[in-house]
Each structure stands twice: as C-alpha cells, then as structure tokens.
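What the coordinates show
Chain by chain, the residues run as shown.
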Amino acid sequence: MNGNAARASRVLTVGSYRPEMLDSAEAAAKLGVTRDWIVSRTGVESLCVAGPEESVVAMAVAAARRTLSAARMPAHAVDAVLVATITNPQPCPAVAPQLAAALEIDAAAFDINIACAGFCSALQMARSLIAAGDCKTVLVIGAERMRDIVDTTDLATAPLFSDGAGAMLVTTTTGPSGIGPVVWGSEGGRASALQVQPPVFGSPQPESASPALRLDGGAVARWAFTTIPNVVREILTRTGLEWDDVAAFVPHQANWNMIRRIARLLEIPEKVVIADDIQEAGNTSSASIPLALHRLIGTGRARPGQWAVLIGFGAGLAYAGQAILIPEKPAPTSTSPTGPD
C-alpha cells in the first residue's frame, strides 16, 4: 500500500482463548487465607490457569484463529502481527513471528512488552500502520502466562494474576474511523512498584531466589487514582465523545476494587457497562482488555456499533487507551475451557 491520504481503521472482530478455571478457594488454601479474604481485596472469584501444553504461543494462535474465523478472513490477508506479552519464556525468538508461522503467513511480526498497557499500545500501532498506508489488515494479540512469573506464596500477586489470550483484527474502512486517537504515556520513575525481581539477566542471583513478579499494590493504586481518570477524560475529549455516547468502559482488569473506584472518580453514568472480567478470569496483564471486551459482547452487555472506552495501565508505570466502535463480528465464546485450536 502507498499514497498520501491517511486511511481510517476499525476493529472488525474480537476473540479470546481461556484456559481452565481455578476457583479462588484453591489459591486461598495454598496461601493460608480464606476465599472471602481474596474476593474482598481483589474481586477475583476464579483464575484461569494454563496447562503445560498451553504456551503463550499456543494460546495466541488459538485466539488468532478464532478471530480470523469469525471474520471469515483468510490468514494470508494479514499484513502484520503484533503481540503484546511480558511472559514469553524466551527473550528470543519473539512470539509474533512464531504465531505468524503457525498461521502460515509471511507478515511483519513483532512483540510489544509494556505489560498492562501493551494491548492498547499495540492497537494504536495497528491504527498507525493502516493510516500510513503500510497495511490493510493487522492482527493484534495480547497473550500471557502470568502464573509462570507469580510466586505462589505471595499474597500480593498469587490471588490475582491469571493466564489467557485475546485478539482483535484491525482493518481499513471507507467509513468514519472506528478507532479513536490514543492517549498514552509513562512514569518510569515509579517503575519499581511493579517489577520482576531479581532480574532474569545481568546480576548474581541467590539459588533460592527465582525471578518473580513483585507488586507494591498501594503505590500502583495511588498512581492509578491520580493519573488514569484524567487520561480517560482526555480520551473522550480527543475522540469527541461524552459519556452519553459511550456504552462500555473496558479498563485493564487490575483489581475490581480499583476499577470501581476509578469509575466513581470518573462519575460514569449507570447506563455505561463496566467490564468486570477480573471477577471470573483474574488479571491477565496484556490480554485483559480484549478478554474483557469479548466477554461483554458474548454476554450481550455491549452491542456492536456502540463506543467502548479502553484504558490499559500498570507496570512501567505506563498507560495507553483509546475509544473504539464495538465490532459486529465477535468470535463465539468457546464452551471448551482447554486445548488451543
């Protein structure tokens, strides 16, 4: 593709892959707390836990295939594959080229490692590639095996983080744009609030200390409450929307108590559905936003053609978000919890 005119884009489909669910009672028993203790602090009633065969690549491929199938789009029509993940077990190769190979396509393919803000950042990159005339169709995936980097004895992370993959197919459109301008940024000076420690490379490690996710929940929450409401307001302003125009608010599924407080700070009207995938599927980092949106559509709580506001935020500390028109062709919700397609 080439030419000088910027091209509009839209989300054509959204799909998901979820591993088998684990009730929070099982996590609670291992931690020496009650299920109610976990639910009251996080809202998480169950987690999705990937099995040995459900690698990041396998889950990403399953979500991608379901999304392409729902759109009736052949894989060879995809011009670029973008994968948001922080849990690729190998620094090299990236997940995206392996996903492209599994789909038997020769396309540009690269990973994005910005954790919870990764999916919305990748969605903006897809929008930009289409606007520049470099692509017509871009496959955007968020895929995580967060349980691989969780210390199962850590009360701050073990009850919260989960596994899964979500996907969106982004294409050109001749009508008005279905993806609004991005609002994104970072405050790296606060990055230590959510990090993997000790480092995987470059420093001596005690034999007893395996790299694991470490979370200062209070620090992340204080940052989110002072930063994210203003970011969401800017998304609405840049897109030319008011809450009366919005049907769904789909924030990163960080913690249900945090999500509810952000919604109160934003004074979101009752008619706007707030994504609550965190309750059934936990916090899946880069995968949480497409998974949450797919559940809203699949349960009929959000309808195609309506506006949804997306906002990812977390490790970095980074944020990214935009408004999108909810796609008309969501992939069906799978009734089989295990086994990538």
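First, a word on scope: everything that follows refers to the structure included in this document. Think of each chain on its own: its residues are numbered from 1, step by step along the sequence as written. Confidence filtering applies because this is a predicted model: local features only for residues at pLDDT of at least 70, side-chain atom pairs given and counted only at 80 or more, and all residues used for totals across whole chains, interfaces and linings. Excluded from the side-chain calculations are hydrogens and water; all other atoms, namely the structure's heavy atoms, are used.

Bringing the sheet that holds strand 12 (residues 273-274) into the picture now. Picture the strands of a sheet paired through backbone hydrogen bonds; they go either parallel or antiparallel. One open sheet accounts for five strands, arranged 8-14-13-11-12; its pairing is mixed. Each having just a single partner strand, strand 8 (183-186) and strand 12 make up the two edges of the open sheet. Whether two strands pair depends on DSSP finding at least two bridges between them. Starting at the N terminus, helices and strands are each numbered in turn, a helix being any DSSP run of H or I of at least four residues and a strand any DSSP run of E of at least two. Two strands pair when backbone bridges link them, and strand 11 (residues 246-251) and strand 13 (residues 307-314) are joined in this way by five bridges, in the parallel orientation. When the sheet's bridge partners are listed, Val-246 is paired in strand 13 with Trp-307.

It is worth spelling out the packing of aromatic side chains at this point. Pairing of aromatic rings covers Phe, Tyr and the six-membered ring of Trp, with a centre-to-centre limit of 6.5 Å; geometry is then stacked below 30 degrees between planes, edge-to-face above 60, and tilted otherwise. A full pass over the atoms with the stated rule returns one aromatic pair. Summarising the aromatic geometry, the rings of Trp-243 and Phe-249 are spaced 6.0 Å apart at their centres and angled 90° between planes, so their arrangement reads as edge-to-face. Given the relative accessible area of 1%, Phe-249 is considered buried. Lysine NZ or arginine CZ positioned within 6 Å of the ring centre and within 35 degrees of the ring normal marks a charge as sitting over the ring. If you follow Arg-261 out to its NZ or CZ, it ends over the ring of Phe-225, 4.2 Å from the centre. In this scheme, a residue with accessible area under 20% of its type's maximum is buried, one over 50% is exposed, and one in between is partly exposed, where area comes from a 1.4 Å probe on protein chains only.

To continue, consider the sheet that holds strand 7 (residues 163-173). Strand order in the open sheet made by the five strands is 1-7-6-4-5, with mixed pairing throughout. Strands at the two margins of the open sheet, each flanked by one partner only, are strand 1 (8-17) and strand 5 (108-112). Strand-to-strand twist of the sheet, defined as the mean angle between neighbouring strand axes without regard to direction, takes the value 20°. One ladder, built from nine bridges, connects strand 6 (residues 137-145) with strand 7; its direction is antiparallel. Across the sheet, the residue bridging to Val-138 is Val-170, located in strand 7. Packed onto the sheet, helix 3 (residues 56-71) meets strand 1, strand 6 and strand 7 and runs at close to 40° relative to strand 7. Simply put, an axis is a line fit to the C-alpha atoms, just over the touching stretch for a helix, and the angle between two N-to-C directions goes from 0 to 180 degrees. Contacts were defined at the residue level, with two residues in contact if any of their heavy atoms lie within 4.5 Å.

With that settled, consider the layout of surface pockets. The volume enclosed by the largest pocket comes to roughly 730 Å³. Space inside and on the surface of the protein is sampled on a 1 Å grid over the protein atoms alone, with a cavity defined as a set of points where a 1.4 Å probe fits but cannot get out and a pocket as an open set with protein on both sides within 12 Å along at least 5 of 7 lines; lining residues have an atom within 4 Å of a point. As for the largest pocket, its lining consists of 27 residues, and the residues nearest its centre are Ile-86, Thr-87, Asn-88, Asn-113 and Val-196. A per-element tally of the lining of the largest pocket places strand 9 (residues 194-197) first, with four residues. Residue classes follow a fixed rule: Ala, Val, Leu, Ile, Met, Phe, Trp, Tyr, Cys and Pro count as nonpolar, while Asp, Glu, Lys and Arg count as charged, and any other residue, Gly among them, counts as polar. The residue makeup of the lining of the largest pocket, split by class, is 16 nonpolar, nine polar and two charged. Grid points are joined across faces, edges and corners, and a volume is the space filled by probe spheres set on the points.

The next subject is the pattern of salt bridges. Salt bridge, as applied in this entry: a Lys or Arg side-chain nitrogen positioned within 4 Å of an Asp or Glu carboxyl oxygen. Enumeration according to the criterion identifies 10 salt bridges in this entry. Note that Asp-23 is salt-bridged to Arg-35, the shortest N-O span being 2.9 Å. Here Asp-23 is found in strand 2 (residues 21-23), whereas its partner Arg-35 is found in helix 2 (residues 35-42), with 12 residues between them in sequence. A relative accessible area of 33% places Asp-23 in the partly exposed class. For Arg-301, the salt bridge is made with Asp-276, and the minimal N-O distance between the two is 3.0 Å. Taken together, the residues Arg-301 in the loop between helix 9 (288-298) and strand 13 and Asp-276 in the loop between strand 12 and helix 8 (278-281) connect sequence positions 25 residues apart. You can call Arg-301 partly exposed: its relative accessible area is 36%. Overlapping salt bridges bring together Arg-18, Asp-277, Glu-280 and Arg-295 as one network.

This part is about the side chain of Asp-154. One can find Asp-154 in the loop between strand 6 and strand 7. Distance and chemistry together define a polar contact, namely a pair of N or O atoms within 3.5 Å, with one atom able to donate a hydrogen and the other to accept it when in protein, and with adjacent residues in sequence counting only for side-chain atoms on both sides. A polar contact is formed between the side chain of Asp-154 and the side chain of Thr-157, at a distance of 2.9 Å.

Let us now look at the pairing of strand 13. Sheet faces and side chains relate simply in a regular strand, where the side chains alternate between the two faces. Of all eight residues in strand 13, eight are buried; the element is thus mostly enclosed. What you see with strand 13 is no split at all: Trp-307, Val-309, Ile-311 and Phe-313 on one side and Ala-308, Leu-310, Gly-312 and Gly-314 on the other are buried throughout. By the bridge criterion, eight bridges tie strand 13 to strand 14 (residues 318-325) in an arrangement that is antiparallel. By the bridge assignment, Gly-312 is partnered in strand 14 with Ala-320. The antiparallel pairing of strand 13 with strand 14 creates a hairpin that spans three residues between the two strands, and Gly-316 there sits at a positive phi of about 140°.

A few words now on the environment of Leu-265. Inspection of the secondary structure puts Leu-265 in helix 7 (residues 256-266). Using a relative accessible area of 35% as the deciding quantity, one classes Leu-265 as partly exposed. Dropping the residues within four chain positions of it, Leu-265 is found in contact with Phe-225, Pro-229 and Arg-233.

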